[in-house]
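So the chains spell out like this:
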Amino acid sequence: MKKIFVISAIALAVLTGCASEQRTAVENSVTRQVAGEVLASPNDNRAYKTLMLPNKVEVMLVSDPDAQKSAAALSVGVGLLQDPMSQQGMAHYLEHMLFLGTERYPDTKGYSEFMTANGGAQNAYTWLDITNYMFKVNNNAYDEALDRFSDFFKAPKLYPEYTEKEKNAVNAEWSMRREMDFFGQYNLSRSMMGSHPANRFLIGNLETLADKDNSKLHPQTVEFYNRYYSGNIMKVALLSNLPLSEMEQLARKHFSSIENKNIEPPKVDAELDFSNLGAKRIHYVPNQDVKQLRLDFTIRNNTDQFALKPNEFITYLLGSEMPGTPAEQLKSMGLISKLSASATPDLYGNYGSLTVDVELTDAGMQNREGIVATIMQYIELIKREGVDAKYFSEIQTSLSNQFRFLEKGDEFGYVANLTDAMQKVPARNAINAPFYYQRFDASAIQNVLQQLTPQHLRIWYISKQEPHDSSLHFYDGKYKIKDISAEEQQSWQQSPQLALNLPAVNRLLPENFDVKPMVTQSKPEIILQQDGISAWLYPSQEFASQPRGVLEIFFNIGAPQQDIKARVLLALWYDLFNLQQSALATEADIAGMQLRLTAGSGMALTIAGFTDKQPQLLQQALDGLTVSVQEQSFAQAKDRYIRGLQNQGKQFPFYQAFGAFNNLIRNGNYETDQLIAVANSLNSDDLQAFIQHTLSNNQLRIFAFGNYDKATVSQVLSELKQALPPMRTELPYQRSAYWKPVAGQTLVVQKDIDVADVALVDVHIHPEPSYSQLARATILKSHFSNVAFDKLRTEEQLAYAVGGTAMQLEDYVGFAMYIQTPVKGVADMQARFDSFKQQYAKELDNLTEEAFAQLKASTLVTLKEPPKNMQDEVGPLLADWYRERFSFDSKQQLIAAVEQVTLADVKAFYRETMLNDKAPRISVQMRGTKFRDQPFADLKGQIKVDDVAAFHRQMQKQ
C-alpha cells in the first residue's frame, strides 16, 4: 500500500572521490543534457544511462562511485484501479504475495533473511496506477540481491497455502488506517464518482478479499499477475558503485528474461458525471478534533504538462500570504490560522484534484460561507489579472535554484522515486520533472483555471460539530452531503467585501551563490564568547561547495523541566510565533530557505538553506520573537494546543506507546489532562510575562554549520544582542534528567486509547551504561526484527507493525520489542511476547560465527556511510551539541564499540536484558476500543505509573 509517510522528494548527489571519475561524470552530464538523455542537476556528478531491454523493460542506471549501498526498484504500471470489483484490494494483496518465495528461491522468509544478513532494506507500495518494489543492500551482495528480486517478476510461487495469512496481513494494514481521516475522506470522495474505476475500496480487507460465488481470490490473483506483470509496462532503476558498463551487464542479466506480453498499458478514460459530483457541500465528522475547510476542485489529469506547470502556477498564487491575499487578510481578521493550496493531478487516475485547505478558528467556523466566497472571488481575480509572466519568472527561478544545488538522498527512496517518475514522464525527465519550468504558457494555466468552477467544486466542512446522516463502511467517519445552493454560488460573483490583491514579488530569492573558502576542521569549535552568548562554527567538510548553511540559535531554560506552566507557555509561544511568521516562512521557503521555531528545554530558532539572504531573514525572525499577544489570538492558540494534545490519542497505537515511553524516561513531561487544565488557567498576560522573562534569563548558544565564517557568526551575535533586552541574566545550561534504571524495577504504563488496536512496547534495560551495550543492541536489532516479523507477522498474522529496536536512555541502553495488533488483547499479546523471547533465544543460539560476521559487517557499513547531504552531516553534530558532548564523537565511539563486538557479546546482551528477570524493565500497554473487555498484562513486582510528573519527582536520576 502506498505509505502514509510518502517517500521523500527526489534528491541528488554531490560526489567526492576519484578525480578522474568525477571529471568523466561531469563531462558525461553535459553531454547527456545536450544529447537529450537523463537531465541531471549540475550539482550531481553521478553517471546516468537509460536503456530499453529486448523485452521492453526500460532501465535507468545510476553509477555513484561513493555509494556504500546499492539499490534497485521496479515499478509495474498497474495498480488498484485494475482490481476486479469482486476482489477489491487484490493488486495490494499480490504485492504482499510476491515477497513469499519464487521458483529459484522458494523459502518464504529467504528474501528478508538475505536482506537482513547483508545490511539491506526492502519494501513496496501499491497505488491507483502503479505497484513499486524496492530494496537496498551492501554493495558486495548486489548481484545476488538482483537475482532474488528479479525472480519476483519471472516466477513467483504465489503459494495458495499463504492466501489466508496474507489476507490477514492486508487486513491488519487496513486496520491500522481505518481511523485515519485522510483515508476516510479519500474513500468518501471517490464514492461520489459513480461508476468511475476510482470508486472502489483500495487497501483490501478480509471482507473484500473473501472468496465469493464466481470469484476466488487465489486463482484471480494468479490471473491478474499473468495478465498485467509484463515487461513492456515495467520500469527499473539501478544504483550502485559499479561503472555503467558493469551495471548494464547486471540489468541485462537479471531483467531481460522477464516475459514481455506486449499488453496495452492499462489506462482509465471513464468520464465523470459532474452533475452528481460537483456543487456539493460535504459535512464530515472526523476522528481528530479539527476545524477545517477545504475547497476541492476536480480537474483533468494534466501530468503530461509537467514542463508547463499550470497547477504549480495556480497553487503558488492561491497559497500566497503576501499582503492583500486571502491567506493574509483572513489570518489578520482572526478567522483562519493556515491556508495552503496543492494539486494532485492523478489522484483519481484520469482526473485529479486542486485543493485549498484552510485551518479555521472558532470565529472562522462562524464565517465559513464568507471565507469560501473570498477564495472564489480571489480565483476570479487570478483568472482576470493573475496569469502574468512575472510569477512564472519567480517560480522558475525558485525551482531552478533548487535543482542547481540538489543534494543526494537515501538510495532506497531515490530509486523508488525514479521508477515512479518513469511511469509518468519520459525517463530523461525522471529527475528534473518537478523542477523543470520550460516556459510561460498562459493557455495551459487558463485551461486549469476554467475548471475551477462551482460545477467542479466540492466544499468540505470538517469538524466534530458537523451534521451527519451517513457513516462510512470501511472507515470511521460520518458525513452528510448537500447541494450548494444557486443563491450561494451567485454570491461568489459579487464584488469582494475584502480588497483582494495578487502577490507582490518575493524579496528573499538568492542572488549570490558565493561560498566561503574551504576550512579543514576536525570538529565544531567555539569561536566567540561574549555578553553571555557562545557561538560554535563548523564549515561543512563534505559539501563545502554548497552555498547553504544551518544556523541554530538556542535559548536554553530549565523551567519547562520543573514547571508545567512554563511547559505550556513555551508551546503557546511556539504556536503564535509560527502563526505570525508563517508569511515570512513561506516567502523564505520559496527562496530556498527554512525558518522554524521549536520548543523543548527552551526555544530553538533555526534558519537554514541558501545563505545569501539569511541576514534579512534572521533580522525579521528576531523582530518577531516577541509575539503579539491579543486576547483573541491567545484564546485561539490555546484551542489549537488543547486540540493537538487530544488528537495525539488518535495516532497509531504503537506511536502512542513509544510516545508514552519517551515521556516516562525523562522529566519535564506531564499527563494530557494536566496540560489541558493548566492551559485553560492561563491568560495573555501570563504569556507576555513569560516571553520577557525567557528573553532576559537564559543560556544562549549559537551553532553555525556550512557556508559561514567567523565574521558572519559575529554579525549574527550582534543581531542577537540588539534584539534581546539590554539587561540579560545568563543561566546555567539545563537538560532533561533521565530515569536511572534500577535492578529489579519494572515500570508499567497502562492506558485505554480511542483507536481500535492494541500496542505494546516491552523494554528491558541493560544494567551497565556503556557504548559497548549500545553496540551489541545495534547489531542485534535487525536479526531480532527479521525473526519477529517472520514469526509474528508472516506466519501467525498477529500484526502489520512488529519488531525490535535498541533504545537509548541517556547513558543506558535497552532493547525493545513492539507490536500493534488488531487480533489480540494486551494480556494475550504479552504472553506471546514472553514466549517469543524464549523462542528467539534458540534462534540466536543457532546463529553461526559466519552469519554473525555478516551481520556485524553490514552494521558497520551502515554506520560508516558518509553523509549524503548537509543534513546528514550536521545531524549527529547537533545531537552532541545539545547533549553537551563537545568532543562531537558519539558516532565514532559507537563505530569503535561495534568493531569490538563478538557473537558471545550479543548473546550475553540478550540474556542480560530480555531473559533477565532482574533487568530494569518498562512495559507500555495501549488498549484499544476493540479490546476494552480484555485485561491489561500485570507484571510481577510492577510499579504502575499513572502520573509521569509525580513519578519524575521521586525517581532516581542519572
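These numbers were taken from a predicted model, which means no experiment stands behind them. (Residues numbered from 1 in each chain as written. Predicted model: local features only at pLDDT ≥ 70, side-chain atom pairs only at ≥ 80, totals over all residues. Heavy atoms only, no water.)

1. Focus: the overall build of the protein
Here is the rule we go by: In this description a helix means any DSSP run of H or I spanning at least four residues, a strand means any run of E spanning at least two, and both kinds are numbered starting from the N terminus. The size measure is the radius of gyration over C-alpha atoms, and the globule rule it meets is 2.2 Å times the number of residues to the 0.38 power. Partly exposed describes any residue whose relative accessible area lies between the buried limit of under 20% and the exposed limit of over 50%, with all areas from a 1.4 Å probe on protein chains only and scaled to the type maximum. Whether two residues touch is decided by their heavy atoms; if any such pair falls within 4.5 Å, the residues are in contact. Only the protein chains shown count as cover for residues, with accessible areas throughout obtained via the Shrake-Rupley method and a probe of 1.4 Å. By the counting scheme adopted, Arg and Lys are positive, Glu and Asp are negative, and His together with the chain ends is not counted. A single reference atom marks each charge: NZ on Lys, CZ on Arg, CG on Asp, CD on Glu.
When helices and strands are counted, the protein shows 33 helices and 26 strands. In terms of overall dimensions, the protein is globule-like: its C-alpha atoms have a radius of gyration of 28 Å, near the 30 Å expected for 958 residues. Principal-axis analysis of the C-alpha atoms gives the protein an extent of 70 × 70 × 65 Å. Scored against the burial criterion, the 958 residues of the protein give a buried share of 61%. Counted over contacts in the protein with a minimum sequence separation of 6, partners at least 24 positions apart contribute 84%. On the protein, roughly 36,500 Å² of surface is accessible, and the fraction owed to carbon and sulfur atoms is 48%. Here the protein holds 95 positive side-chain charges and 111 negative ones, and the gap between their average locations is 2 Å.

2. A word on the side chain of Thr325
We count it as follows: Any pair of nitrogen or oxygen atoms within 3.5 Å is treated as a polar contact; in protein, a donor-acceptor pairing is required on top of that, and neighbouring residues in sequence qualify only through side-chain atoms on both sides.
Position of Thr325 relative to the elements: it lies in the loop between helix H10 (310-318) and helix H11 (326-332). A distance of 3.0 Å separates a polar side-chain atom of Thr325 from the backbone oxygen of Ser320. Setting aside residues up to four positions removed in sequence, Thr325 forms contacts with Ser320, Tyr378, Asn501 and Pro503.

3. Quick word on the sheet that holds strand E1 (residues 47-52)
Selection rule: By the convention used here, strands pair only if DSSP detects at least 2 bridges between them. Convention adopted: a line fitted to C-alpha atoms gives each axis, helices being fitted over their contacting stretch, and angles between N-to-C directions are expressed from 0 to 180 degrees.
Strand order in the open sheet formed by six strands is E1-E2-E6-E3-E5-E4, with mixed pairing between adjacent strands. Edge positions in the sheet fall to E1 and strand E4 (121-127), since each of these pairs with one other strand and no more. The average undirected angle you get between the axes of adjacent strands in this sheet is 10°. Bridge analysis of E1 against strand E2 (residues 58-63) gives six bridges, and the strand direction is antiparallel.

4. Remarks on the side chain of Gln581
Topologically, Gln581 is positioned in the loop between helix H19 (564-580) and helix H20 (582-590). Given the relative accessible area of 14%, Gln581 is considered buried. The residues touching Gln581, leaving out its near neighbours within four places in the chain, are Leu595, Gln620 and Gly624.

5. Quick notes on the environment of Ser353
Relative to the helices and strands, Ser353 is located in strand E10 (residues 351-360). Separated by 252 residues in sequence, Ser353 and Gly101 place their C-alpha atoms 39 Å apart. Sequence-distant contacts of Ser353, defined by excluding residues within four places in its chain, comprise Asp296, Phe297, Ile299, Ser342, Ala343, Thr344, Pro345, Leu347 and Tyr348. Reaching out from Ser353, the side chain makes a polar contact with the side chain of Asp296 at a distance of 2.7 Å.

6. As for the packing of helix H3 (residues 110-117) against helix H4 (residues 142-151)
Rule in force here: Convention used here: angles under 35 degrees read as roughly parallel, angles over 145 as roughly antiparallel, angles from 65 to 115 as roughly perpendicular, and any remaining angle as oblique. If you view the pair so one helix is near and one far, a crossing is left-handed when the near helix is turned anticlockwise from the far one by less than a right angle, and right-handed when it is turned clockwise. Residue polarity is assigned by list, with Asp, Glu, Lys and Arg as charged and Ala, Val, Leu, Ile, Met, Phe, Trp, Tyr, Cys and Pro as nonpolar; anything else, Gly included, falls into the polar class.
At their nearest, the axes of H3 and H4 sit 11 Å apart, and the two run at 160° to each other. Between H3 and H4, the interaxial angle falls into the category roughly antiparallel. As for the relative orientation of H3 and H4, their crossing is left-handed in sense. Two secondary-structure elements touch here, H3 through Gly110, Tyr111, Phe114 and Met115 and H4 through Glu144, Ala145, Arg148 and Phe149. By residue class, the composition of the contact of H3 with H4 is five nonpolar, one polar and two charged.

7. A short note on the nonpolar core
To be explicit about the condition: Working definition of a nonpolar core: buried Ala, Val, Leu, Ile, Met, Phe, Trp, Tyr and Cys residues. They are joined through side-chain atoms within 4.5 Å.
Residues Phe135, Phe153, Tyr229 and Leu238 are the most contacted members of the largest nonpolar core, which totals 159 residues. Examining the composition of this core, we find that nine residues originate from one element, helix H13 (residues 368-386), more than from any other. Contact partners of Leu238, with chain neighbours within four places excluded, come to Met60, Leu61, Val62, Ala71, Ala72, Tyr142, Leu146, Met247, Ala251 and Phe255. Formed by 62 residues, the second largest nonpolar core is a distinct cluster that contains Leu584, Leu625, Tyr641 and Leu717.

8. Notes on the sheet that holds E10
The strand order across the open sheet formed by seven strands is E9-E10-E8-E11-E7-E13-E12, and the pairing between neighbours is mixed. The open sheet has two edge strands with one neighbour each: strand E9 (336-344) and strand E12 (470-471). Direction of pairing for E12 relative to strand E13 (residues 478-483): antiparallel, over a ladder of two bridges. Residue Ser471 lies in a different strand from E13, and its bridge partner there is Lys478.

9. Re unusual backbone geometry
In this structure, Asn214 is a non-glycine residue whose phi angle is positive, near 65°. Along the chain, the position of Asn214 falls in the loop between helix H6 (181-191) and helix H7 (217-228). For Asn262, which is not a glycine, the phi torsion comes out positive at approximately 50°. According to the relative accessible area criterion, Asn262 is exposed, its value standing at 59%.

10. A word on the pairing of strand E17 (residues 593-600)
Inspection of the sheet shows E17 paired to strand E18 (residues 602-610) by eight bridges, in the antiparallel sense. The partner of Gly600 across the bridge, within E18, is Gly602. Here E17 folds back onto E18 in antiparallel fashion, the turn holding one residue.

11. Quick word on the pattern of salt bridges
Here the idea is simple: oppositely charged side chains can pair when their charged atoms come close. Put simply, the rule is: Put simply, a salt bridge is a Lys or Arg side-chain nitrogen that is within 4 Å of an Asp or Glu carboxyl oxygen.
Going through the model one piece at a time under the given rule, you end up with 53 salt bridges. Across the pair Lys565 and Asp686 runs a salt bridge whose closest N-O atoms are separated by 3.9 Å. Of this pair, Lys565 sits in helix H19 while Asp686 sits in helix H25 (residues 684-696), and the two are 121 residues apart along the sequence. The partly exposed category is assigned to Lys565, whose relative accessible area is 35%.

12. What about the environment of Ala373?
Tracing the backbone through its elements, the reader meets Ala373 in helix H13. Overall, Ala373 belongs to the buried group, its relative accessible area being 12%. Along the chain, Ala373 and Pro496 lie 123 residues apart, while their C-alpha atoms are 7.9 Å from each other.

13. A closer look at the pairing of E18
The buried fraction of E18 amounts to nine of the nine residues, a majority that puts the element mostly inside the structure. As paired elements, strand E16 (residues 548-556) and E18 share nine bridges and run antiparallel to each other. Bridging from a neighbouring strand, Leu551 pairs with Ile607 of E18.

14. Side note on the packing of H4 against helix H8 (residues 244-255)
Packing of H4 against H8 brings their axes to within 9 Å, and their N-to-C directions diverge by 30°. The angle between the axes of H4 and H8 places the two elements in the roughly parallel class. The handedness of the crossing between H4 and H8 comes out as right-handed. For the pair H4 and H8, the contacting residues are Tyr142, Asp143, Leu146, Asp147, Phe149 and Ser150 in the first and Leu250, Lys253, His254 and Phe255 in the second. Here the contact of H4 with H8 is composed, by residue class, of five nonpolar, two polar and three charged.

15. Examining the packing of aromatic side chains
Spelled out, the test is: Two aromatic rings, drawn from Phe, Tyr or Trp (for Trp, its six-membered ring), form a pair once their centres lie within 6.5 Å of each other, and the interplanar angle then sorts them: stacked below 30 degrees, edge-to-face above 60, tilted otherwise. Sitting over a ring, as applied to charges here, requires NZ of Lys or CZ of Arg to be within 6 Å of the ring centre and within 35 degrees of the ring normal.
For the coordinates displayed, the defined rule picks out 54 aromatic pairs. Each ring, one from Phe99 and one from Phe152, has its centre 5.4 Å from the other, and the planes form 65°; the classification is edge-to-face. Placement of Phe99 in the loop between helix H2 (90-97) and H3 and of Phe152 in the loop between H4 and helix H5 (163-177) is noted, with a sequence separation of 53 residues between them. As far as burial versus exposure is concerned, Phe99 and Phe152 are alike and both buried. With a centroid separation of 5.9 Å and 55° between ring planes, the pair formed by Phe152 and Phe153 is classed as tilted. The ring centre of Trp174 lies 5.2 Å from the NZ or CZ of Arg178, which sits over that ring. Over the face of the ring belonging to Tyr461 we find Arg368, whose NZ or CZ atom lies 3.9 Å from the ring centre.

16. A short note on the environment of Ile431
The residue Ile431 is located in the loop between helix H15 (411-422) and helix H16 (442-449) in this model. When the C-alpha positions of Ile431 and Phe836 are compared, they lie 45 Å apart, and in sequence the two are 405 residues distant.

17. Quick look at the confidence of the model for the protein
The test is simple: Confidence scores per residue from the predictor, reported as pLDDT, run from 0 to 100.
Summing up the model confidence of the protein, the mean pLDDT is 93 and the portion of residues at 70 or higher is 96%. Long-range and interchain partners of residues 1-36, a stretch whose pLDDT sits below 50, account for 99 contacts in this model, where long-range means more than four residues apart.

18. A word on H4
Most of H4 is tucked away, with eight of its 10 residues classed as buried. Among all positions of H4, only Tyr142, Ala145, Leu146, Asp147, Arg148, Phe149, Ser150 and Asp151 are buried. The secondary structure elements touched by the buried residues of H4 are strand E3 (69-76), H3, strand E5 (130-138), strand E6 (234-240) and H8.

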